[in-house]
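# Coordinate inspection notes
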Amino acid sequence: MTTNRRDFIKTGGLVLTGLMAGAAHATGLAPETDTTEVIQEGLFVLPPLGFAYTALEPNVDARTMEIHHTKHHQAYITKLNAALEKEPSLKAKSLEQLLSSIKTLPESVRSDIRNHGGGHWNHSFFWSVIGPSKTEPSEKLLAAIHRDFGNIESFKEQFEKKSIGVFGSGWGWLVKDAKGKLSIVSTPNQDNPLMDIAETNSKPVLGVDVWEHAYYLNYQNRRPDYLKAFWNIVNWQKVSELYES
Ligand code: MN
């Protein structure tokens, strides 16, 4: 039997396929780290946040979180589902499989899957690497940060600089390559490092949304202030798991 996002386990109306090996296979992500594969009746649905909209105050305000999750993220999912309706054969693929093969997708849906599939993956990932709990990088991750950036402060500085430098809308990422080496990259719009079209194809372990919708209500044009506050909400436990898996 093949594994794909149709092979689901029904739990009280919600269909969870995050544990399927097929989804994890494409990028080497551990199956349990794939947070994008919540589907219902063959369609992607909005994954729940692991915390309340108010939980990230004052770093990110509740209204921003609610709009970001229920409006922006939902819109990517709705439009991704609409694209898949046009090419039903693609419904057998996991989101990560779709994103790692943008170049060869049918032209009729290529940009929709790139933008909206990317948007769905990026936001699902983002919610998983932030949270209200105070956490620290694991020893292994910290050692890798020291090795590749000198120290944690220097890493943060470089990550902020890269993310501030995104022209217009996009994302800042900490990624690891196949040898475990860390680097900092950015992507425009809703592209991400999993995509075959990415400049650096690698595994994200941390990401930050620098679209204005992520911070405008609280910070207006002050992206650097949002990025400073971002360190207060990073879920280092999750980032460490991603690095070590
Ligand atoms: Mn966003």
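Anything mentioned here points back to the structure above.
Every residue gets a number counted from 1 within its own chain, in the order that chain's sequence is written. For this predicted model, a pLDDT threshold of at least 70 governs which residues receive local features, and a threshold of 80 or more governs which side-chain atom pairs are given and counted, while totals over whole chains, interfaces and linings are taken from all residues. Side-chain numbers here rest on the full set of heavy atoms in the structure, without hydrogens or water.

The next point concerns the sheet that holds strand β5 (residues 170-176). In space, the three strands of this open sheet follow the order β6-β5-β7, with antiparallel pairing throughout. Looking at which strands have only one partner, the edges of the open sheet turn out to be β6 (182-188) and β7 (203-209). Between one strand axis and the next, the sheet turns by 25° as a mean value, whatever way the strands run. As paired strands, β5 and β6 are joined by seven bridges and run antiparallel to one another. Among the inter-strand pairings, W171 is bridged to a residue of β6, identified as T187. Each of β5 and β6 touches helix α5 (residues 139-149); the most contacted strand, β6, lies at about 80° to it. Contacts: residue pairs with any heavy atoms within 4.5 Å of one another. Working convention: axes come from line fits to C-alpha atoms, limited for helices to the stretch in contact. Angles between N-to-C directions cover 0 to 180 degrees. The helix count covers DSSP runs of H or I at least four residues long, the strand count covers runs of E at least two residues long, and both are numbered beginning at the N terminus. Each of β5, β6 and β7 is contacted by helix α9 (residues 236-244), which is oriented at about 150° to β7, the strand it contacts most. Two strands make a pair as long as DSSP finds a minimum of two bridges between them.

This brings us to the pattern of salt bridges. Counted as salt bridges are all cases of a side-chain nitrogen of Lys or Arg within 4 Å of a carboxyl oxygen of Asp or Glu. Scanning the entire structure with this criterion turns up five salt bridges. Note that E160 is salt-bridged to K228, the shortest N-O span being 2.7 Å. With E160 in helix α6 (residues 152-164) and K228 in helix α8 (residues 223-230), this residue pair connects regions lying 68 residues apart in the sequence. Note on exposure labels: buried denotes an accessible area under 20% of the residue type's maximum, exposed denotes more than 50%, and partly exposed covers the range between, all computed with a 1.4 Å probe on protein chains only. Its relative accessible area of 52% is what places K228 among the exposed residues.

Another aspect to go through is empty space enclosed by the protein. Using protein atoms alone on a 1 Å grid, points that fit a 1.4 Å probe yet trap it form a cavity, whereas open point sets bounded by protein on both sides within 12 Å along at least five of seven lines form a pocket; residues with an atom within 4 Å of a point count as lining. Grid points are joined across faces, edges and corners, and a volume is the space filled by probe spheres set on the points. Per the stated rule, a full pass over the model turns up one cavity of 30 Å³ or more. One number sums up the size of the largest cavity: a volume of about 30 Å³. Taken together, V60, T64, M65, H68, F126, A214 and Y226 form the lining of the largest cavity. Per-element accounting of the lining of the largest cavity gives the leading share, three residues, to helix α2 (residues 62-86). Asp, Glu, Lys and Arg are counted as charged, while Ala, Val, Leu, Ile, Met, Phe, Trp, Tyr, Cys and Pro are counted as nonpolar; the rest, among them Gly, fall into the polar class. Of the residues belonging to the lining of the largest cavity, the class tally is five nonpolar, two polar and no charged.

With that settled, the discussion passes to the nonpolar core. Most often, soluble globular proteins have nonpolar side chains that are buried together. Judged by nonpolar contacts, the single largest core of 61 residues is most densely connected at I113, F155, L206, Y226 and F230. Among the elements that make up this core, the one with the highest residue count is helix α4 (residues 107-129) (seven residues). Of the domains in this structure, domain 1 (5-128) and domain 2 (139-244) are the two that each give at least three residues to this core. If near-sequence neighbours (up to four positions away) are discounted, I113 is found in contact with L80, A83, L84, L90, L98, L99, I102, L105 and G118. What we call a nonpolar core is a set of buried Ala, Val, Leu, Ile, Met, Phe, Trp, Tyr and Cys residues that are connected through their side-chain atoms within 4.5 Å. Those domain boundaries reflect an automatic or database domain assignment.

A separate point is α9. Within the span of α9, buried status applies to W236, K238, V239, S240, L242 and Y243. Lining the buried residues of α9 we find α4, α5, α6, β5, β6 and β7.

One can describe the packing of α5 onto α9 by two numbers: an axis separation of 9 Å at closest approach and a directional angle of 75°. Considering their axes alone, α5 and α9 lie roughly perpendicular with respect to each other. Along its contact with α5, which presents K140, L141, A144, I145 and R147, the element α9 presents W236, V239, S240, Y243 and E244. Considering only residue class, the contact of α5 with α9 consists of six nonpolar, one polar and three charged. Working rule for angles: under 35 degrees goes down as roughly parallel, over 145 as roughly antiparallel, 65 to 115 as roughly perpendicular, anything else as oblique.

Positionally, T64 belongs in helix α2. Between the alpha carbons of T64 and A214 there is a distance of 6.7 Å; along the sequence they are 150 residues apart. Residues contacting T64, with those up to four places away along its chain left out, are H213, A214, Y215 and L217.

The next point concerns α6. The end-to-end C-alpha separation of α6 is 18 Å, in line with the 18 Å expected for 13 residues at 1.5 Å each. Residues I152, F155, K156, F159, E160 and S163 constitute the buried set of α6. Taken end-on, α6 shows its buried residues confined to a sector of 130°, consistent with a single buried face. For α6, the exposed residues lying more than 90 degrees away from the buried face are E153, E157 and K161. Packed against the buried residues of α6 are α5, β5, β6, β7, α8 and α9. Nitrogen and oxygen atoms within 3.5 Å of one another constitute a polar contact, given that in protein one can donate a hydrogen and the other can accept it, and given that sequence-neighbouring residues count only through two side-chain atoms. Regarding α6, its N-cap is N151, as a side-chain oxygen of that residue lies 3.1 Å from the backbone nitrogen of E153 further along. What a helix is expected to span follows from its residue count: subtract one and scale by 1.5 Å. The reported arc concerns the directions from the helix axis to the C-beta atoms and nothing else.

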